[in-house]
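The residues making up each chain are set out below.
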Amino acid sequence: MPKVVLSSGSSMQALTGGQTEFEVEATTFRRLVLELEQRFPGLGKQVEEGMAVAIDGEIFQDAYGAVLHPDSEIVLIPKIGGG
Amino acid sequence: MAKQYVSTTINGETTEFLCETQQTMLDVLRDVIGLTGAKEGCASGDCGACSIQVDGRLVCSCLMLGVEAAGKEIITVEGVARGDHLHPIQQKFLEHAALQCGFCTPGLIVAVKALLEENDNPTETEARYWLAGNLCRCTGYDKIIRAVMDAAAVIREEKASA
Amino acid sequence: MNYIDSNLKVVGTRPLRPDGVDKVTGRAMYSADTRVAGMLWGKILRSPHAHARIVKIDTSKAEALKGVYAVCSAADFPDIPSEEAFVGEGPMNFRDLAMNVMARGKALYEGHAIAAVAASTPAIADEALALIDVTYEILPHVIDVEAAMAETAPLLHADMFTQGVDPKPTKPSNIAKVVKFKKGDIDAGFKDAEVIVEGRYTTQPVHQAYIEPHACLATCAADGQVTIHASSQGHFMIRAYTAKLLGMEMANIRVNPAEIGGGFGGKTLIYIEPVAVKLAQKSGKPVKIQMTREDVFRGTGPTSGAVVEVKLGAKKDGTIVAAQQVLKFQAGAFAGSPIGPGCMCGFALYDIENIDVLGYDVVSNRPKVAAYRAPGAPITSFGVESCLDDLALKLGIDPLTLRVKNAAKNGTKTHYGPTHANIGFEQVLAVAAAHPHWNAPLPAGQGRGIACGFWFNIGGESTATVHINEDGSVTVATGSPDIGGSRASMGMMVAEVLGVPAERVRATIADTASIGFTHLTGGSRVTFATGMAATQAAEKVVDELKKRAAMIWEITPDAVEWRDGQAFPAGTNAGAFEPLDLATLALKAARTGGPVNAEVSVNAQGAGAGFGAHICDVSVDKETGHVTIERYTAIQDVGKAIHPSYVEGQIQGGAAQGIGWALSEEYIYNDKGQMENPGFLDYRCPVASDVPMIEAVLVEVPNPRHPFGVRGVGEVPIVPPMAAIANAIRGATNLRMPNLPISPPRLRAAIDQAG
């Protein structure tokens, strides 16, 4: 199952009761968000609105369809903008 | 208070306008006459985006009153091109990519024209100091100076073959 | 399709930009250049106080003045509920944005908009502002970031409770958020270190200082349809934010993009559009608002000022085994400093096992900060790259060698999570090591410094349309405002795909009603994401053109080839047909199926990160403290330079802004919390005589996720300069200057003290 790692500080940890790593059954980013929301209410929404995701190193922003493989490592990071 | 009547020459054309006494030449160009090439970047004479020539002299039009234009010869960026041919300065700015957003460009074109009329063979240092009154935030000045040196060469050649 | 290894004919050359003639002749129309009949002039009254309760606003005398057609203040705008969103270029709360556009209840900084008027002339508008009577209850204010963090600091928001702290605090604070990133075991790392170096660095807020002040022209028709004419880094953003702040439907607002006179991140949000629209609605006339330069400095976001503490631990052989940072970023009056990227970018360049970063987003009574070119990264790298230099000195290792030894490579896991892939940092460092500048003997009395920088670069949503005109010429329309010459690159990519010269393609920027949604111009995304959409649209057009040729030749489309702007039969079996060029096919478009166009929308993923290394030689006048930049080289991995001149331009411009940040730019406050230098004379940006030629070295490491290999380039170049210069100054004077700007009085004082 894909492994999810929370990267950015304890603002997320408040929602997960301190946990920063967990396994989630999902093959797309969309399913991942729904699973996270179910497991930790509020987390899915935060992830969707304010975070980008790095799947096996590559950064995706706003991409429901981003594919997760069984051995994917997913890191949730703050959304990135620019100037 | 009644507006002032002014008669002047802008880019070779006799131009008459009415303006309030406190209106700057920049305000007059942009809001009364409709020549929006000169830009307001600071209204305090520090950025050069409003540069024009008054009787050949390089001037910040935001530091001059509209009424002061009476009887003078004013050149703005709109008067730099030679008919439907670009001036060598304009051509070199394009060739050297000496502009990015282009906002400081009108003021710079006029400032460079004034420089090369005064000194058609400036050193890099002379060019940089002459243009120190024209702020550019996009280019870091590198390509601008290259364009100036190249335009100077073209102008010297034109004079030599004239 | 992938063009990375192709033989390219247009991409990589240096044609004249298509909008260039307009810009050198004064014909190009910027935000303030448009006027319409019956137009009113809008002006904004700004708070003279850094922190005050607004007790009462009496606009009656202003309203009674002849020539005044409308007056407004916060009471005219809907009270927006707090709504967190990531919109544009950073975290945004719409309630905060609304309160920033027009103060509600409190003035939170000197320059905060309090009320506005619309009048028939600018002079009458100024008179009207002076007639607005505001009763303030002045409150204690706080400017400095660490002072704002103190327990006893004056509080800006009674409902601000620090996020990211467990358990949730019960007392409000000026600390909006705490952010942490960890990798490995920092304590073990430092125990293992044989050499430890520490530093405390401070930076001041600096403004993007685009030469074009914000301006807009708003018209409201009798049926409620609003048109806004304005420059910005995103006209779709103007539409969305204005609609939100006014409680309007987006469909009722149309935004026409004017040419933009610089942005650098500072125009990725709105300040005046909702005010202009409100005044237009109230007066029934078009309203133009044009900020003065003072308004821009006092009322729009600079970037954060900050305190950055860095601690590095290394083995004697130069391997960095522990890296720690504490960053305190001041966000201005509302939460939202770039503390996130600040925490991520400093160590992103290096492969370090044990990392610990702690960041604070802190409010204080200053203008709300806005994005500024790689927001957060220049500040954090000033600290990290200065400290690295001190580490190199202590270890007795060459600073470039130290960076090479610890450089991130493909496969290096960052401390904020993602693993680097397809990056060009090693290549950049190799080019630096071999560069004549690095190897040139240093003239006597001068100092040489090197520093590196990183930015993620983003992708995102873009739309592009390519049409073939009836004469076979081509137009590409996109929704991306052109700040730096991107129009040229759009045209070139389309020309390459179609196989025609760049001059045959016109590139335009379409308004919000005329093209599909496009995200902001920022984050170094346009050539990457909008270029991707334009390329794909051009490819679809080529497919369509092949179908048309096939119809004319009565063969199947797969028997048609497209090359150099013409359709050819693919091999002799297809038939002995003469090639059909664009002009011919365009003439027959109606008969073969209709107009030939394609529109493509993308949400581009796979943006490639950028790395830079800057080398700087300085000389220091010990009597005046003045620093002269003698030589400057900026090396960067740029993916594929579509138009190399404009890529060089981005690098040179970013470096120049960094030079100003390092040596002369800062907001100076008096003890009343008022800015003392809101003009270009005393807010000292680099002028032509301050800088030498800036050599931009393009290292092309293609990004495989873009058809041409494009990597964003605009932001990286502002990240290395401050440390490169500080390191050079150390080389010249033996003095570490950890506080920016390293202005003449400060350097002179340090020289005197040392000496």
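### A word on the overall build of chain B
So, point 1. Within chain B, the regular secondary structure consists of 5 helices and 5 strands.
So, point 2. Taken from the N to the C terminus, the helices and strands of chain B come in the order β-β-α-β-β-β-α-α-α-α.
So, point 3. In terms of C-alpha radius of gyration, chain B reaches 16 Å, essentially the compact-globule figure of 15 Å for 162 residues.
So, point 4. In terms of principal-axis extent, the alpha carbons of chain B reach across some 50 × 35 × 25 Å.
So, point 5. Classification of the 162 residues of chain B by burial places 57% in the buried group.
So, point 6. Partitioning the intrachain contacts of chain B with sequence separation of at least 6 by distance along the chain shows that 61% fall at a separation of at least 24.

### A closer look at the overall build of chain C
So, point 1. The secondary structure content of chain C amounts to 21 helices and 28 strands.
So, point 2. Compactness check: chain C gives a C-alpha radius of gyration of 27 Å against a globular reference of 27 Å for 755 residues, within 12% of the reference.
So, point 3. Taken along its principal axes, the extent of the C-alpha atoms in chain C is 85 × 75 × 50 Å.
So, point 4. Taking all 755 residues of chain C together, 61% fall into the buried category.

### Some points on the domain arrangement of chain B
Residues and elements named next belong to chain B.
So, point 1. By the assigned domains, chain B splits into domain 1 (4-79) and domain 2 (88-161).
So, point 2. Taking the mean C-alpha position of each, domain 1 and domain 2 sit 21 Å from one another.
So, point 3. With 16 residues of domain 1 at the interface, the matching set in domain 2 holds 12 residues.
So, point 4. Looking at the side of domain 1 that touches domain 2, the element that brings in the most residues is strand S3 (residues 51-54), giving 3 residues.
So, point 5. Class assignment for the residues of the side of domain 1 that touches domain 2 results in 8 nonpolar, 7 polar and 1 charged.

### Overview of helix H2 (residues 29-39) of chain A
Residues and elements named next belong to chain A.
So, point 1. Within the sequence span of H2, burial applies to Phe29, Leu32, Val33 and Leu36. Buried residues in H2, looked at end-on, bunch into an arc of 100°, giving them a common side.
So, point 2. Packing partners of the buried residues in H2 comprise helix H3 (43-50), strand S3 (51-55), strand S4 (58-60) and strand S5 (73-78).

### Some thoughts on the sheet that holds strand S18 (residues 446-455) of chain C
Residues and elements named next belong to chain C.
So, point 1. Here we have 4 strands laid out as an open sheet, ordered S18-S26-S27-S28, and mixed in their pairing. Each end of this open sheet is capped by a strand with a single partner; those strands are S18 and strand S28 (694-699). For this sheet, the mean angle separating the axes of adjacent strands, direction not counted, is 20°.
So, point 2. For strand S26 (residues 610-621) and strand S27 (residues 626-637), the ladder comprises 10 bridges, and the chain directions are antiparallel. Across the sheet, residue alanine 613 finds its bridge partner in S27, namely isoleucine 635.

### Description of the packing of helix H11 (residues 377-395) of chain C against helix H12 (residues 399-406) of chain C
Helix packing geometry: the angle between the two helix axes and the distance between the axes.
Residues and elements named next belong to chain C.
So, point 1. Interaxial distance between H11 and H12 falls to 9 Å at its minimum, and their mutual angle equals 105°. Viewed along their axes, H11 and H12 adopt a mutual orientation that is roughly perpendicular. Facing Leu388, Asp389, Leu391 and Ala392 of H11, the residues of H12 in contact are Pro399, Leu402 and Arg403.
So, point 2. For the contact of H11 with H12, a count of residues per class yields 5 nonpolar, no polar and 2 charged.

### Quick notes on the sheet that holds strand S25 (residues 597-604) of chain C
Residue and element names in this part refer to chain C.
So, point 1. Taken in spatial order, the 4 strands line up as S21-S20-S19-S25 in an open sheet, and their pairing is mixed. Edge positions in the sheet fall to strand S21 (505-509) and S25, since each has one partner strand and no second. This sheet shows a mean twist of 20° between the axes of neighbouring strands, independent of strand direction.

### Considerations on the nonpolar core
So, point 1. Of all hydrophobic cores here, the largest spans 328 residues; its most connected members are C:Val494 and C:Ile725.
So, point 2. It is helix H16 (residues 526-553) of chain C that provides the largest number of residues to this core, a total of 12 residues.

### Notes on the interface of chain B and chain C
So, point 1. Taken together, the contact pairs 45 residues of chain B with 41 residues of chain C.
So, point 2. Among the elements of the structure, helix H2 (88-95), helix H3 (105-118), helix H4 (124-130) and helix H5 (142-161) of chain B are those that each provide at least two residues to the side of chain B that touches chain C.
So, point 3. Residues belonging to the side of chain B that touches chain C are distributed by class as follows: 23 nonpolar, 12 polar and 10 charged.

### Regarding the arrangement of the chains
So, point 1. By number of contacts, the leading pair among the 2 pairs of chains in contact is chains B and C.
So, point 2. Separated in space, chain A and chain B share no contact, their closest pair of C-alpha atoms being 14 Å apart.

### Some details on the pairing of strand S3 (residues 68-73) of chain C
Residue and element names in this part refer to chain C.
So, point 1. The element S3 is largely enclosed, with a buried count of 6 among its 6 residues.
So, point 2. Across 5 bridges, S3 lies against strand S7 (residues 113-119) in antiparallel orientation. Paired with alanine 70 across the two strands is alanine 118, which belongs to S7.

### Things to note about the domain arrangement of chain C
Where interface size is given, it is often the accessible area lost as the parts come together that is meant.
All names here are of chain C.
So, point 1. Each assigned domain of chain C is listed here: domain 1 (39-139 + 214-290), domain 2 (306-457 + 608-754) and domain 3 (459-604).
So, point 2. The straight-line distance from the C-alpha centre of domain 1 to that of domain 3 is 40 Å.
So, point 3. At the interface, 18 residues of domain 1 touch 14 residues of domain 3.
So, point 4. Counting only elements with at least two residues in the side of domain 1 that touches domain 3, the list comes to helix H7 (235-246) and strand S13 (253-257).

### With respect to the interface of chain A and chain C
So, point 1. On the chain C side, the residues contacting the 26 residues of chain A number 41 residues.
So, point 2. Residue assignment for the side of chain A that touches chain C shows that the elements contributing at least two residues are helix H1 (9-16), H3, S4 and S5 of chain A.
So, point 3. Per element, the largest residue contribution to the side of chain A that touches chain C is 5 residues, and it comes from H1(A).

### Notes on H11(C)
So, point 1. In this model, H11(C) (19 residues) spans 26 Å end to end at C-alpha, consistent with the 27 Å of a helix rising 1.5 Å per residue.
So, point 2. For H11(C), the tally of buried residues reaches 15 of 19 residues, placing the bulk of the element in the interior.

### Let's talk about unusual backbone geometry
So, point 1. C:Leu740 connects to C:Pro741 through a cis peptide bond whose omega is -10°.
So, point 2. With respect to the element layout, C:Pro741 can be found in the loop between helix H20 (721-733) and helix H21 (744-754).
So, point 3. The phi angle at B:Ala43 is positive, at roughly 60°, despite the residue not being glycine.
So, point 4. Relative to the helices and strands, B:Ala43 is located in the loop between helix H1 (25-33) and S3.
So, point 5. For B:Ala43, a count of 20 C-beta atoms within 10 Å puts it in the buried group.
So, point 6. In this structure, C:Phe264 is a non-glycine residue whose phi angle is positive, near 60°.
So, point 7. Residue placement: C:Phe264 occurs in the loop between S13 and helix H8 (273-283).

Rules and cut-offs
- Residues numbered from 1 in each chain as written.
- Chains lettered and ligands numbered in written order.
- Predicted model: local features only at pLDDT ≥ 70, side-chain atom pairs only at ≥ 80, totals over all residues.
- Helix = DSSP H or I, 4+ residues; strand = E, 2+ residues; numbered from the N terminus.
- Rg over C-alpha atoms; globule rule 2.2 N^0.38 Å.
- Buried ≥ 20, exposed ≤ 12 C-beta atoms within 10 Å, placed from the backbone.
- Contact = placed C-beta atoms within 7 Å.
- Domains from an automatic or database assignment.
- Nonpolar A, V, L, I, M, F, W, Y, C, P; charged D, E, K, R; others polar.
- Arc of directions from axis to C-beta.
- Pairing = 2+ DSSP bridges.
- Axes fitted to C-alpha atoms, helices over the stretch in contact; angles between N-to-C directions.
- Parallel < 35°, antiparallel > 145°, perpendicular 65-115°, else oblique.
- Core = buried A, V, L, I, M, F, W, Y, C linked by C-beta atoms within 7 Å.
- Expected span 1.5 Å × (residues − 1).

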